[in-house]
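Structural features, examined
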Amino acid sequence: MTAAEEILELARWAPSGDNTQPWRFSIVSGDHIVVNAFDTRDRCVYDLDGRASQVAVGALLETMRIAATASGRRIAISRRPGTPDRRPSFDVHLGPPDAVETDLLIGAIRHRCVQRRSLQTTALGAPRKSRLEQSVGPSSRIVWFEGARQKARMAWLATRSAKIRLTIPEAYAVHRDIIEWGARHSVDRVPDQALGAGPVSLAVMRWAMHSWARIDRMNRFAGGTVGPRIELDLIPALRCGAHFAIVADRVPETLDDFLAAGAAMQRFWLTATTLGLQLQPQYTPLVFARYARMGVCFTQVPAARRRASEVAIRMETLLPGQASHVVFMGRLGEGPVAAARSTRLDLSELCRESEAHQQAVRNGRS
């Protein structure tokens, strides 16, 4: 296996929303990789302007930097001129082995995962919080939400966002496509057993998600969102060590800003993993608040748009003057490693699909 392949074997484990893996690879030589990225804005309501995908790509590139240190290498990353934000390509060149120290986060790359179930409420403690704060670098900082009152405020934010998520057809279309039913692991989706719901809830969810009409009827006449929001959002939000927000030093606007956000997010998450902490992202409040701030009509459901405005107001209350600086949020704490999780496409498939796309472009079909 070449150095390039070894790096990609680790880097492909970088996190992405709903396990979309918005990247494909071309290995030009043993020390030259091309990363062909893309976003899902056209089919995913959570990927406003492709920003969620760009954060994921930033996490991937940072993971490549970390993985390269296993062989004592540095990497140089440059964006290919003329590639659009929707489909940016990056040239990654590996330097020669030069005694670079192995990054201590490398051992956490494969083990980092999402834990959607309840965690211990034990406080994180100053030493662990300090390590996590240092992990995001000088251009970001961490805001903590701890204690019963602050967790309750974050629980409101989570459940209100869940109300939007569960009552709009635009989100239903995403959920329908990304859940793999009857699975503990999934290479390109989210296995249902990793959702944090019990067997009865999963059975009801699977039946209801047969069609939007069923979901809509349950929401209207059977209080369909109450149980899922309590089980999947309210209880986990209260049962954790702390909530956190990664806050950039300025409002992120460009592709480079969101790539940097992804790098900070990945280093934070990997650091949490090395500290024995489990983590669950809470990205939807950021998305819905941003829709509201931008005045974008993201759904045909008026009530959901009003709720998004409420989420934006609450975000501003929690982070006065800085809500638009937040690039990532979540909860974390001590607890068991998730028994079910998303895995990844094989490297051979990630490379093969990239080559097929490039050939289509050359032939004028894409």
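Residues numbered from 1 in each chain as written. Predicted model: local features only at pLDDT ≥ 70, side-chain atom pairs only at ≥ 80, totals over all residues. Heavy atoms only, no water.

Right, let's get into the packing of helix α10 (residues 284–294) against helix α11 (residues 302–318). Close contact between α10 and α11 brings their axes to 8 Å; oriented N to C, the two are set at 105°. Judged by the angle between their axes, α10 and α11 are roughly perpendicular. Residues P285, L286, F288, A289 and A292 of α10 form the contact with α11, whose own contacting residues are A308, S309, V311, A312 and M315. Here the contact of α10 with α11 is composed, by residue class, of 9 nonpolar, 1 polar and no charged. (Axes fitted to C-alpha atoms, helices over the stretch in contact; angles between N-to-C directions. Helix = DSSP H or I, 4+ residues; strand = E, 2+ residues; numbered from the N terminus. Parallel < 35°, antiparallel > 145°, perpendicular 65-115°, else oblique. Contact = heavy atoms within 4.5 Å. Nonpolar A, V, L, I, M, F, W, Y, C, P; charged D, E, K, R; others polar.)

The next subject is the sheet that holds strand β1 (residues 23–29). With respect to topology, 4 strands assemble into an open sheet ordered β1-β2-β4-β3, the strand pairing being antiparallel. In this open sheet, the two strands that pair with only one neighbour each are β1 and β3 (75–79). With strand direction ignored, the average angle separating the axes of adjacent strands in the sheet is 20°. Here β3 pairs with strand β4 (residues 89–94) via 5 bridges, running antiparallel. Bridge pairing in β4 links R79 to F90. Here helix α2 (residues 51–68) sits on the sheet and contacts β1, β2 (32–37), β3 and β4; the angle it forms with β3, its principal contact strand, is near 155°. (Pairing = 2+ DSSP bridges.)

Before going further, it helps to spend a moment on α2. Compared with an ideal rise of 1.5 Å per residue, which puts 18 residues at 26 Å, α2 spans 26 Å between its outermost C-alpha atoms and is within 8% of the ideal. Taken across its 18 residues, α2 has 16 buried, putting it largely inside the fold. (Expected span 1.5 Å × (residues − 1). Buried < 20%, exposed > 50% of the residue type's maximum accessible area, 1.4 Å probe, protein only.)

Right, let's talk about the side chain of Q115 for a bit. In this structure, Q115 sits in the loop between β4 and α3 (126–135). Of the residues examined, Q115 reaches a relative accessible area of 5% and is grouped as buried. A polar contact of 2.9 Å, which involves the side chain of Q115, links it to the backbone oxygen of P336. (Polar contact = N/O pair within 3.5 Å; in protein donor to acceptor, adjacent residues only side chain to side chain.)

Attention now moves to the nonpolar core. Counting 43 residues, the largest nonpolar core has I164, F298, M315, L319 and M329 as its most contacted members. Among the elements that line this core, the one with the most residues is α11, at 6 residues. Non-local contacts of M329, meaning those with residues more than four positions away in its chain, are made with M154, L157, F244, A245, P281, Q282, L286 and M315. With 36 residues, the next largest nonpolar core counts V35, L94, L255 and C351 among its residues. (Core = buried A, V, L, I, M, F, W, Y, C linked by side-chain atoms within 4.5 Å.)

Moving on, we get to the packing of helix α4 (residues 147–166) against α11. Helix-helix packing is described using two parameters, namely the angle between the two axes and the distance between the axes. The interhelical angle for the contact between α4 and α11, taken along N-to-C directions, is 160°, at an axis separation of 9 Å. If you check the angle between α4 and α11, you find them roughly antiparallel. Judged by the sense of rotation from one axis to the other, the crossing of α4 with α11 is left-handed. Residues R153, M154, W156, L157, R160, S161, K163 and I164 of α4 form the contact with α11, whose participating residues are A304, R307, A308, E310, V311, R314, M315, T317 and L318. (Left-handed = near helix turned anticlockwise from the far one by under 90°.)

Here we take up the sheet that holds strand β10 (residues 277–281). Strand order in the open sheet formed by 4 strands is β5-β9-β11-β10, and the pairing between neighbours is antiparallel. Both outer strands of the open sheet, β5 (140–145) and β10, are each paired with one neighbouring strand and no more. Within this sheet the neighbouring strands show an average axis-to-axis angle of 30°, counted without direction.

Before going further, it helps to examine the state of the cysteines. As enumerated under the stated definition, the model contains 0 disulfides in all. Free cysteine: C297, not disulfide-bonded; nearest cysteine sulfur from C44 at 17 Å. (Disulfide = S-S within 2.5 Å.)

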